Amino acid sequence: MHVRALSLLLTLVFATLVRGLFADEAFVVDWHVASIGSIDRSRAILSPDSVAVFSESSVLASLDPGNGTVRWRHFLRESAVPRHSHLTRLDSSAILLAAATPADAGVTHIAAWVEDTGYLVWETYLAGGAPVGVSVAGDVYIMQSGGKVRRLSHSTGSEVWEYSLPEGHSPVDVVASKRNVLVITRKQDKGLGYFTLNTESGELASDSFVVVDKNPAAVSFLKSEGYVADVIAWTVPGQTSTITIANLSDATPSVHTITPKHQYASFSLTSTSTGIVVTITGLDGKSWTESYSSSRGKLTLVGATDPTESAIAVGDGRLFEVSKGSISSFTLGSADAKAESITEVSFPSSPIEFVTCSSSACIVGHKNGEYVFASITGHTWTRDESVANVVSVFLMELEEEGERISLGEVLFEENAAPLQAYIHRVKRHWNALASLPQYLIGFFHRFLSGDYDAVPIDTNSTVSDTFGFRKFIVLATTKGGLRALDTAHGGALAWKVDDILPSDVIVGIVPGDAKDKLYVVGAFGGVAHVNGMTGKIITTSKIAEIGLGDKVESVITFNDDGVQYIAAWTAHGRLHFLSGSTPSKPVYFSKATEDAIAGYIYKEDQIIPTWKFTLPTSSYRITSVASRDPDDKTVSVGRVLGDRSVLYKYLNPHILAVAAVDDATKSAALFLIDDVTGRLLYSSFHDDEVVDTAAGVKVVVGEHWVVYSYWSELATRGEKLVVLDLYESDIRNVRWSEGRNFSSFTETPLPFVQGQAYLFPEHITSLAVSRSRFGITSRDVIATLDTAQVAVLPKRLLDARRPVNRDPTNEEKEEGLVKYDPLSGNDKRFILSHVYNVIGTEKTVCSPANLESTVLVFSYGLDLFFTRITPSQPFDLLSKSFNKGQLLLTIFALLVGVRFTGPMVRRKQLNIRWGTQK
Amino acid sequence: MFRWNIIVTALFILVQTVSAYSLRGFLDSTVSNGPPLTFSPDTEIILRSAEAKYNTYVRADGQSFVFLNVSEGAYALSIKSAEHIFPTLRVDVAETDVEVFVSHPGNEWSFKGPRQPYPIELRPFGPAVYYQYREGFNILKLFKNPMLMISLLTLGMVFVLPKIMDSLDPEQLKEIQQEQAKTVPSALANPMNFDVASYLAGKSSGPSASGSSVKAAGSARSRKS
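Predicted model, so just to flag it, every value in this text is computed and none were measured. Within any chain, residue numbers begin from 1 and follow the written order of that chain's sequence. Chain labels run from A onward and ligand labels from 1 onward, assigned in the order the entries are written. This being a predicted model, a pLDDT of at least 70 is required before a residue's local features are given, and a value of 80 or more before pairs of side-chain atoms are given or counted; all residues contribute to the totals for chains, interfaces and linings. Each side-chain value is worked out from all heavy atoms of the structure, with water and hydrogens disregarded.

1. Considerations on the overall build of chain B
Thinking step 1. What chain B contains, in helices and strands, is six helices and 12 strands.
Thinking step 2. Taking all 225 residues of chain B together, the buried fraction comes to 37%.
Thinking step 3. Two residues qualify as a contact provided that any one of their heavy atoms is within 4.5 Å of a heavy atom in the partner residue. A separation of at least 24 residues holds for 50% of the contacts in chain B among residues at least 6 apart in sequence.
Thinking step 4. Residue exposure ignores everything except the shown protein chains as possible cover, and the areas themselves are Shrake-Rupley values with a 1.4 Å probe. Element-wise, carbon and sulfur atoms account for 63% of the exposed surface of chain B, whose accessible area totals about 13,700 Å². Counting from the N terminus, the helices are DSSP H or I runs at least four residues long and the strands are E runs at least two residues long. In this scheme, a residue with accessible area under 20% of its type's maximum is buried, one over 50% is exposed, and one in between is partly exposed, where area comes from a 1.4 Å probe on protein chains only.

2. Concerning the interface of chain A and chain B
Thinking step 1. At the interface, 60 residues of chain A touch 51 residues of chain B.
Thinking step 2. Buried area adds together the accessible area that both of two parts lose upon being put together, with accessible area traced by a 1.4 Å probe. Together, Y119, R717 and K828 of chain A form the three largest contributors to the area buried by chain A at its contact with chain B, with a combined 15%.
Thinking step 3. Between Lys or Arg on one side and Asp or Glu on the other, a salt bridge is scored when a side-chain nitrogen of the former is within 4 Å of a carboxyl oxygen of the latter. The tally of links between chain A and chain B comes to two salt bridges.
Thinking step 4. Between R48 of chain B and D786 of chain A there is a salt bridge whose closest N-O contact spans 3.9 Å.
Thinking step 5. Sorting the residues of the side of chain A that touches chain B by element identifies β1 (21–22), β6 (70–75), β9 (107–114), β10 (120–127) and α6 (884–914) of chain A as the ones contributing at least two each.
Thinking step 6. Considering every element that reaches the side of chain A that touches chain B, the biggest residue donor is α6 of chain A, with nine residues.
Thinking step 7. Of the residues belonging to the side of chain A that touches chain B, the class tally is 26 nonpolar, 20 polar and 14 charged.
Thinking step 8. Any two strands with at least two DSSP-identified bridges between them are counted as paired. Both β1 of chain A and strand β12 (residues 131–132) of chain B contribute to a ladder of two bridges, which runs parallel. Residue pairing in the sheet places F22 of chain A in a bridge with Q132 of chain B of β12 of chain B. For this classification, the nonpolar set comprises Ala, Val, Leu, Ile, Met, Phe, Trp, Tyr, Cys and Pro, the charged set comprises Asp, Glu, Lys and Arg, and every other residue, Gly included, is treated as polar.

3. Quick word on the sheet that holds strand β27 (residues 311–314) of chain A
All names here are of chain A.
Thinking step 1. Taken in spatial order, the four strands of this open sheet run β27-β28-β29-β30, and their pairing is antiparallel. Strand pairing shows two members of the sheet lacking a second neighbour, β27 and β30 (341–344), which therefore form its edges. With strand direction ignored, the average angle separating the axes of adjacent strands in the sheet is 20 degrees.
Thinking step 2. Relative to β30, strand β29 (residues 326–331) runs antiparallel, the two sharing four bridges. Bridge pairing in β30 places I327 opposite T343. The axes used here are C-alpha line fits, helices contributing only the stretch in contact, and every angle between their N-to-C directions lies in the interval 0 to 180 degrees.

4. A few points about the packing of aromatic side chains
Thinking step 1. We call Phe, Tyr and Trp rings a pair once their centres come within 6.5 Å, taking the six-membered ring for Trp, and we label the pair stacked below 30 degrees between planes, edge-to-face above 60, and tilted otherwise. Per the stated rule, a full pass over the model turns up 35 aromatic pairs over all chains.
Thinking step 2. Aromatic side chains Y54 of chain B and Y75 of chain B sit 5.8 Å apart centroid to centroid with 65 degrees between the ring planes, which places their arrangement in the edge-to-face category. Of this pair, Y54 of chain B sits in strand β3 (residues 53–57) while Y75 of chain B sits in strand β5 (residues 73–80), and the two are 21 residues apart along the sequence. The same class applies to Y54 of chain B and to Y75 of chain B, which are both buried.
Thinking step 3. Positioned over the ring face of W109 of chain B is R717 of chain A, at 4.3 Å from the centre of the ring. Look at NZ for Lys and CZ for Arg. If either is within 6 Å of the ring centre and within 35 degrees of the ring normal, a charge sits over the ring.

5. Description of the sheet that holds strand β25 (residues 287–295) of chain A
Residue and element names in this part refer to chain A.
Thinking step 1. With respect to topology, four strands assemble into an open sheet ordered β23-β24-β25-β26, the strand pairing being antiparallel. This sheet does not close on itself; its edge strands, each paired only once, are β23 (264–271) and β26 (298–304). Across the sheet, the axes of successive neighbouring strands diverge by a mean angle of 25 degrees, strand direction being ignored.
Thinking step 2. One ladder, built from seven bridges, connects strand β24 (residues 275–282) with β25; its direction is antiparallel. Bridging across to β25, G275 finds its partner in S293.

6. Here we look at the confidence of the model for chain A
Thinking step 1. You can read pLDDT as the predictor saying how much it trusts each residue, on a scale of 0 to 100. Overall, the prediction assigns chain A a mean pLDDT of 87, with 94% of residues at 70 or greater.
Thinking step 2. The low-confidence segment residues 1–16 of chain A (pLDDT under 50) makes 25 contacts with residues lying over four places distant or belonging to another chain.

7. Some points on the state of the cysteines
Residues and elements named next belong to chain A.
Thinking step 1. Any pair of cysteine sulfurs within 2.5 Å is marked as a disulfide. Taken as a whole, this structure holds one disulfide over all chains when the rule is applied.
Thinking step 2. Each sulfur in the disulfide pair C357 and C362 lies 2.0 Å from the other. Measuring the twist about the S-S bond at about 100 degrees, one finds the C357-C362 disulfide to be right-handed. Just as C357 is buried, C362 falls in that class too.

8. Here's the deal with the pairing of strand β46 (residues 587–592) of chain A
Residue and element names in this part refer to chain A.
Thinking step 1. Relative to strand β47 (residues 596–603), β46 is paired through six bridges, and the arrangement is antiparallel. Each bridged residue has a counterpart across the sheet, and for K591 the counterpart in β47 is A598.
Thinking step 2. Once β46 ends, the chain turns through three residues before running back antiparallel as β47.

9. Some points on the pattern of salt bridges
All names here are of chain A.
Thinking step 1. Taken as a whole and assessed by the stated rule, the structure comprises 43 salt bridges over all chains.
Thinking step 2. In this structure, the salt-bridge partner of R150 is E159, at a minimum N-O distance of 2.9 Å.
Thinking step 3. With relative accessibility at 6%, the residue R150 sits in the buried group.
Thinking step 4. K698 is paired through a salt bridge with E719; the nearest N and O atoms lie 3.2 Å apart. Note that K698 is positioned in strand β55 (residues 698–701) and E719 in strand β57 (residues 718–727), a separation of 21 residues in sequence.
Thinking step 5. Here the residues in one salt-bridge network are E370, D384, R483, K496 and D498, joined through shared partners.

10. Some remarks on the packing of helix α2 (residues 407–415) of chain A against helix α3 (residues 418–432) of chain A
Residues and elements named next belong to chain A.
Thinking step 1. Following both chains from N to C, one finds α2 and α3 inclined at 140 degrees, their axes separated by 7 Å at the closest point. Comparing their axes, α3 and α2 come out oblique. As for the relative orientation of α2 and α3, their crossing is left-handed in sense. Contacts between α2 and α3 involve E409, F412 and E413 on the former and, on the latter, Q420, A421, H424, R425 and R428.
Thinking step 2. For the contact of α2 with α3, the per-class residue count stands at two nonpolar, two polar and four charged. Any angle that is under 35 degrees is reported as roughly parallel, and any over 145 degrees as roughly antiparallel; angles of 65 to 115 degrees are reported as roughly perpendicular and all others as oblique. Crossings are assigned a handedness: left-handed for a near helix turned anticlockwise from the far helix by less than a right angle, right-handed for a clockwise turn.

11. Describing the environment of E51 of chain B
Thinking step 1. Tracing the chain through its elements places E51 of chain B in the loop between β2 (44–48) and β3.
Thinking step 2. Taking C-alpha positions, E51 of chain B is 9.6 Å from A74 of chain B, a pair spaced 23 residues apart along the chain.

12. Some points on the confidence of the model for chain B
All names here are of chain B.
Thinking step 1. Across chain B, the average pLDDT comes to 76, with 72% of residues at or above 70.
Thinking step 2. Scored below 50 in pLDDT, residues 1–20 makes 13 contacts in the model with residues more than four places away or belonging to other chains.
Thinking step 3. In this model residues 205–225 is a low-confidence stretch, pLDDT under 50, and it forms 17 contacts with partners more than four residues away in sequence or in other chains.

13. Thoughts on helix α3 (residues 146–167) of chain B
Residues and elements named next belong to chain B.
Thinking step 1. The terminal C-alpha atoms of α3 lie 30 Å apart, and with 22 residues this matches the ideal 32 Å at 1.5 Å per residue to within 8%.
Thinking step 2. Residue V158 marks the point of greatest curvature in α3, where the axis turns by about 35 degrees; the proline P162 follows within four residues.
Thinking step 3. Every buried residue of α3 is accounted for by V158, L161 and M165.
Thinking step 4. Polar contact is the term for a pair of N or O atoms within 3.5 Å; when the atoms are in protein, one must be able to donate a hydrogen and the other to accept it, and sequence-neighboring residues count only if both atoms are side-chain atoms. A side-chain oxygen of the first residue of α3 lies 3.1 Å from the backbone nitrogen of M147; this N-cap is N145. By this rule, a helix spans an expected 1.5 Å times one less than how many residues it contains. Two axes enter the definition of the bend at a residue: one is fitted to the seven residues ending there, the other to the seven starting there, and the bend is the angle between them.

14. Remarks on a negative patch on the surface
Residue and element names in this part refer to chain B.
Thinking step 1. Put simply, a patch holds well-exposed residues, over 30% relative accessible area, that have no salt bridge, with like charges counted together within 9 Å and Val, Leu, Ile, Met, Phe, Trp or Tyr side chains within 5 Å. Positive residues here are Lys and Arg, negative ones are Asp and Glu, while His and the chain termini are left out of the count. Every charge is mapped onto a representative atom, which is NZ of Lys, CZ of Arg, CG of Asp or CD of Glu. There is a patch of like negative charges on the surface, built from D169, E171, E175 and E179.
Thinking step 2. Position of D169 among the secondary structure elements: in the loop between α3 and α4 (170–183).
Thinking step 3. The class of D169 is partly exposed, set by a relative accessible area of 41%.

15. What about the environment of L319 of chain A?
Thinking step 1. Residue position: L319 of chain A is located in strand β28 (residues 318–323).
Thinking step 2. In this structure the C-alpha to C-alpha distance between L319 of chain A and T305 of chain A, which are 14 residues apart in sequence, comes to 10.0 Å.

16. Here we look at unusual backbone geometry
Thinking step 1. With an omega dihedral of 0 degrees, the bond running from Y118 of chain B to P119 of chain B counts as a cis peptide bond.
Thinking step 2. Phi at S503 of chain A takes a positive value of approximately 50 degrees, unusual for a residue other than glycine.
Thinking step 3. By secondary structure assignment, the location of S503 of chain A is in the loop between β38 (492–497) and β39 (506–511).
Thinking step 4. Residue classification places S503 of chain A among the exposed positions, given a relative accessible area of 74%.
Thinking step 5. The backbone of Q873 of chain A shows a phi angle near 65 degrees, a positive value even though the residue is not glycine.

Spelled out as structure tokens, the structure:
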């Protein structure tokens, strides 16, 4: 009866289906971090008034050199492969990106972009392999791995001419100048050399292949940076004391061999007006530069700097030296070792990966994913791109706000002698008085504004706000660090740790035994125990018994009678418990591989395989696996229908939803398996629909339901969202579990599954389900879309019981059902991320706030996006539109009314008593 | 004239033949009133079929786009834009011809909507509205509420009517009362005779004759004055 009443109440109260974001809440309750990803030195163009980058995450971006914010960016995941790409400047206003396409590595996509705005100037596709070299001299000259050299028009990208390399030559690079085009190739029997092409016609200017190095092993080809002279350099493997350099800007290119002061590990070239500068890093890690002047075909050493521990780089005519807290710039070639300018910079302590400079500024890339920009005028900013590569996420609850009274104190006051206890309490209250003024200020703030958000929280504190909207999002990154972001302050950094597991790769973070502790587990067995409030490392250890060549694949947590056990699962199929103790009772778990799921039991230090589920045919592959969040709570065991009968929910906590696709037949399938016994509970196949198998099937398990989605072309093209509601029985009021706890071992009938499909207009890239604190609030399905948005779909809308082709009856209306409409999510108010361009999100995690109505939502991937949602309206929160003035006005009006009618009534009563009136 | 037609048609066919594998189009920025729309550089144009996907961005003029090397097939052309809502078009690329149709979501793919011109023109339906707006307190709106208007009117009558009745000629009053007694027997049903004071005093004027009640109210008032 209780259940029914509650469900009915909820159904009636939360009858609205579409609830958009309020305009005054946008940018207040949500925040977005626009990332670009790791920067590679070779794909970053730094000039005095712009920074252009093509990152490892396939983001082409232009940054504002003033503050480092993104001016524009394009996520070119589908058109450019970073590893086979060249980013160069086309002219003063446009940049050029040439890259192999991901779909076909034999095709190069080359595009010119307006640097200020990000509009496309022109683009073209070229067959003939990945780009090997790109050179801009007015027009664009590109060499491809297939041995083609092309000249493309600077303004339209159309081909002017094409030249194919002769047989036996492998492409190395192309160097264009106003006079001619040098095509540098390597021939197996002759060595490294070049052809000269006529700029206008693209024909060989002379038939001869000029050999510059007979050694066919000459590698590590380097082209000079800077635009004054065209210089190339190469080395021979194993030969670390000489560098061969060819100056191609002379009429007859000259070849020189230079011998740096010390043996080198790496070097780079910069051309200047008088010659070239070689920046060398020695075998001992020290760096220095050597300047050479080039005149009449000769290269003579004119100066060198002393080897230094600091990182150095050469910009346009300047030498920059990065030391601990500053960047100093020096005039190149001057014997005077006095710095021209020194910019104070606070660098992260992480080791420097690269330094790249223009004439006036440098970008210093650090191993931890932070990129520091510093100009000679003293202007600096830092971008932390480590958050673009997140491995694992945990939303950390903060301490409760308010009087912090320890358990010890409470016990003392309860058990000590009355006088002592009284004195203790008075003392405690006296001490608490210190925070009274602050409390009063906060109280009036709240009273006047009616807004708890208006009460400021100290950004440095680790205290939660009243409603639990403030949490720390702890991110583990591929760069080996942890970042904690403050949800209440726009994702501001709360703390960070770099290189938490030295020489290890983080696999996951899991909450530890205490509320504020976290375990960070690495692939090679490293384990760090971290305080999640402060980021302090408590202990680090290593799983000792991890085998040779074995790797930790994932972290599993078991809950056995309220005790949590954390274990690392390895590639060799072993479990290593982190907290030392092992569960006393046998525990069950399952692991998915590409084409199968296997169930295991852990009992008495042994792992015994119990069941294995293989896909129907070998061409199927698993795209996603989902199970219900173990912390998700169920309030009502049944679903009350309009006629007051109940359909009992199939509340099996061990449901494992396995989604698979078949690349051969373009079909999709979903299986529901009992995680403990391996029993197949339900399966559905989508065979004749031409499924987009590359996008895969996304699946999520809620309370007693499963929602999955896939894109298919038939019968109508679009993303199909399928909902499966699982009930104990299709007969109303019938349940076989009879209130007992669910056990997979009891003989139970298969669930009654009610399904319905909906059509969603956009491609869905991932699904998640909201989870409130007590499970009373209805649930929302959160989907990240490939339109760089995050959408919310109420589960109440994705209901399998919506009446099809007819209006709902009164009983169905009472259930809150509306007529079935296959199109879902067409309303833009379903877009949680509103105007944000949230690119590359791959996962969403939900965490409850202290308020039952509110769920915190965090999506990550490349960008980070955070918001909070109220799936059943903010029923426990005073609305922002609540008008205190109106309330007071109404009370005032009532008072006035009473003032007027009061005397009238009194007179009347008096008259009645006197009998002057009937 | 006839000849011109032929030439234009020939040219058009020629253009179409040439551009069969390179689709051109533009985003229509014209609005009937006000400044023309702008399309952000983030606006991505996507051409998708079961076999292939092409995407491109808006050109430097801020509205045109070109797809290169499009192979034959039936494509859905959609626009990824955070600011505007665009229709989805169906583009059939054949060896010699490009046909553009309006596409309606949820329909079968074989169902083609009205034919559209080529080069492709895409006019946004309107701006994307992500927000819901709160209704603030508005005193004018409060008074526009019919319930409030009725109650205010009734309240006014409660005070005003007895005075009107008092000022009436006794004979006229009697006439009205008789008429009322005929049509509406109950005094309660007649809001004009409702006595707020006796109602609040816990003594309803009840089924008594409407006349006496009015008289009483009238006498109370006259005594006061």
